[in-house]
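# What the coordinates show
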Amino acid sequence: MILLKYRLYLICSAVFLLGFVSTYFLLPILTKKPQANINIQNAQINNNLFENVETAQEDSKEFSAVLLGSGGAGHSGGGLTDSIIIVNVNPETKRANIISVPRDLYVPGNRKINAEVSANGVESVKSVLNGVTGIEINKYASIDFNSLIKLIDTLGGIEVELNKPYNDYFYPIKGKENELCDMPPQKVTEVHQMYSGFELEKQFTCRYEQIHFDVGVTKIDGETALKFARSRHGDSDFGRSARQFAILTGIVKKLSTQSPFETIEDAYSVVTELVKTDLSLDEGVELFKLYGNPTDYEIKKIQLTDQNVLISGKSNAGEYILLPRAGKNNFDDVKSFINSKIYNGE
């Protein structure tokens, strides 16, 4: 039972950014049904676990992981990474930094960072993120949209809060990507000659639906959460990052107040299907002991945008990209910006 409990913590850590926010998965369960013979305080710390972190972060016990969200099977661009969020946690200062990296960031290799995993694998994207942010990425977790839907539905839905209304009049309807909307062949030819890109897509209105969210708190299920996270035409990619933060916050709040799982076995059977991670069982045990209760932490959200260290541009192929203001592949200012937010409290 002890091993099962630790393995569940391992997987839940992967779901919610490896060893920090995910503690919420276990706290409601353990509070509701105390488990015999479980003594976290007696777990032994393996000093080698944080060897790389100490080297990178000047002898601190900081730990950093990246959550990668992708469309997965059945979604347009399913192999691309739609969401990239780094969590940097310091148990000594009780601070956690959540850093959103835009998917359109142009990185070495002349590609957007959202294509790095499909091109070179997860270890490569960890290395690239280190070069961009200056943060050593110790572990990763990845979840696709189908798994996100299942997770949120398993929780019975979550609540998200907006400070202004949100509308997207062109959210794509799955399965209608190639519909001609009763447009005659001659008209189809004409619009292809007149328009390109999204302006062309907008001519085929039957491919889209409107999604709307009111100001304030709204309860949403998994499918609605996916639309909320992926919607592209109601604001900007930076707005989408903020909405993804809102979903993460909603999951945390739900797990901190009530758990849908009656037993650890129930949670384990569900969560193990959802997440890929390189966090081992032993590492999950060490993280649980070292980081403790996430409610004790001060959380800071950091976004890299064209309002601070990035600038919009176009690639040689004409696609929209984001570049560091200091110049292509020069991320010194990005690192300084993140460093000031983390260590100087700016």
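Above this note sits the structure.
Residues numbered from 1 in each chain as written. Predicted model: local features only at pLDDT ≥ 70, side-chain atom pairs only at ≥ 80, totals over all residues. Heavy atoms only, no water.

## Some remarks on empty space enclosed by the protein
- Counted by the stated rule, this structure contains two cavities of 30 Å³ or more.
- One number sums up the size of the second largest cavity: a volume of about 80 Å³.
- Asp 82, Ser 83, Ile 84, Ile 85, Ser 100, Val 101, Pro 102, Arg 103, Asp 237, Arg 240, Ser 241 and Gln 244 together form the lining of the second largest cavity.
- Contributing elements (two or more residues each) for the lining of the second largest cavity: β2 (81-90) and α10 (237-257).
- The residue makeup of the lining of the second largest cavity, split by class, is four nonpolar, four polar and four charged. (1 Å grid on protein atoms, 1.4 Å probe; cavity = no way out; pocket = protein on both sides within 12 Å on 5 of 7 lines; lining within 4 Å. Points joined across faces, edges and corners; volume = space filled by probe spheres on them. Helix = DSSP H or I, 4+ residues; strand = E, 2+ residues; numbered from the N terminus. Nonpolar A, V, L, I, M, F, W, Y, C, P; charged D, E, K, R; others polar.)

## Focus on the environment of Lys 328
- You can see Lys 328 is positioned in the loop between β14 (320-324) and α13 (332-343).
- By relative accessible area, Lys 328 is classed as partly exposed at 48%.
- In this structure, the C-alpha to C-alpha distance between Lys 328 and Tyr 106, residues 222 residues apart in sequence, is 7.9 Å.
- Not counting residues up to four positions away in its chain, the partners in contact with Lys 328 are Tyr 106, Asn 110 and Leu 323. (Buried < 20%, exposed > 50% of the residue type's maximum accessible area, 1.4 Å probe, protein only. Contact = heavy atoms within 4.5 Å.)

## Looking at unusual backbone geometry
- Look at Lys 94: it is not a glycine, yet its phi comes out positive at around 60 degrees.
- Judged by relative accessible area, Lys 94 falls into the partly exposed class, the value being 29%.
- Unusually for a residue other than glycine, Asn 110 sits at a positive phi of about 55 degrees.
- Tracing the backbone through its elements, the reader meets Asn 110 in the loop between β4 (106-107) and β5 (111-112).
- Asn 110 gets classed as partly exposed once you look at its relative accessible area, which sits at 48%.

## Notes on the layout of surface pockets
- Within this model, the second largest pocket holds a volume of roughly 600 Å³.
- Looking at the second largest pocket, it is lined by 27 residues, and the ones nearest its centre are Val 160, Glu 161, Leu 162, Phe 228 and Ala 246.
- Put simply, the parts of the chain that give the lining of the second largest pocket at least two residues each are β7 (158-162), β10 (216-220) and α10.
- Broken down by element, the lining of the second largest pocket gets its largest block of residues, ten residues, from α10.
- Partitioning the lining of the second largest pocket into residue classes produces ten nonpolar, eight polar and nine charged.

## Things to note about the state of the cysteines
- Evaluated as defined, the whole model comprises one disulfide.
- Across the disulfide, Cys 181 is cross-linked to Cys 206 (sulfur-sulfur distance 2.0 Å). Between Cys 181 and Cys 206, the S-S dihedral sits near -85 degrees, and the bridge is therefore left-handed. Placement of Cys 181 in the loop between β8 (166-172) and α7 (185-194) and of Cys 206 in the loop between α8 (197-201) and β9 (208-213) is noted, with a sequence separation of 25 residues between them.
- A residue is classified by how much of its surface remains accessible, and Cys 181, at 23% relative accessible area, is partly exposed. (Disulfide = S-S within 2.5 Å.)

## Details of the sheet that holds strand β3 (residues 95-100)
- Judged by pairing direction, the sheet is mixed, and its six strands sit side by side in the order β11-β6-β1-β2-β3-β12 without closing on themselves. The sheet is open, and its two borders are formed by β11 (276-277) and β12 (298-303), each paired with just one other strand.
- Across six bridges, the pairing between β3 and β12 is parallel. For Ala 96, the partnering residue across the bridge sits in β12 and is Ile 299.
- Packed on one face of the sheet, helix α6 (residues 145-154) meets β1 (63-70), β2 and β6 (139-144) and runs near 80 degrees to β6. (Pairing = 2+ DSSP bridges. Axes fitted to C-alpha atoms, helices over the stretch in contact; angles between N-to-C directions.)

## Section: the side chain of Ser 231
- Relative to the assigned elements, Ser 231 resides in the loop between α9 (222-230) and α10.
- Judged by relative accessible area, which is 1%, Ser 231 ranks as buried.
- A polar side-chain atom of Ser 231 sits 2.5 Å from a polar atom in the side chain of Asp 168.
- Among residues more than four places away in sequence, those in contact with Ser 231 are Tyr 166, Asp 168, Tyr 171, Ile 211, Arg 240 and Arg 243. (Polar contact = N/O pair within 3.5 Å; in protein donor to acceptor, adjacent residues only side chain to side chain.)

## Focus: the nonpolar core
- One finds Ile 152, Ile 158, Val 160, Phe 213, Phe 228, Ile 247 and Ile 251 to be the most contacted residues of the largest nonpolar core, which totals 36 residues.
- Of all the elements, α10 adds the most residues to this core, at five residues.
- When near neighbours in sequence (up to four residues on either side) are disregarded, Ile 152 contacts Gly 157, Ile 158, Ile 220, Asp 221, Gly 222, Ala 225, Ile 247 and Ile 251.
- In terms of nonpolar packing, the next biggest core, distinct from the first, is built from 28 residues, Leu 129, Ile 135, Val 309 and Val 334 among them. (Core = buried A, V, L, I, M, F, W, Y, C linked by side-chain atoms within 4.5 Å.)

## Considerations on the packing of helix α5 (residues 122-133) against α13
- Closest axis-to-axis distance for the α5/α13 pair is 7 Å, and the angle between their directions is 80 degrees. Classified by the angle their axes make, α5 and α13 are roughly perpendicular. When α5 is examined against α13, the residues Asn 130, Gly 131, Val 132 and Thr 133 are found in contact with a partner set consisting of Val 334, Lys 335 and Ile 338.
- Class assignment of the residues belonging to the contact of α5 with α13 gives a composition of three nonpolar, three polar and one charged. (Parallel < 35°, antiparallel > 145°, perpendicular 65-115°, else oblique.)

## Digging into the environment of Tyr 171
- Here Tyr 171 shows up in strand β8.
- Sequence separation between Tyr 171 and Arg 232 is 61 residues; the distance between their C-alpha atoms is 7.6 Å.
- Beyond its immediate sequence surroundings of up to four residues, Tyr 171 is in contact with Arg 207, Tyr 208, Glu 209, Ile 211, Leu 226, Lys 227, Arg 230 and Ser 231.

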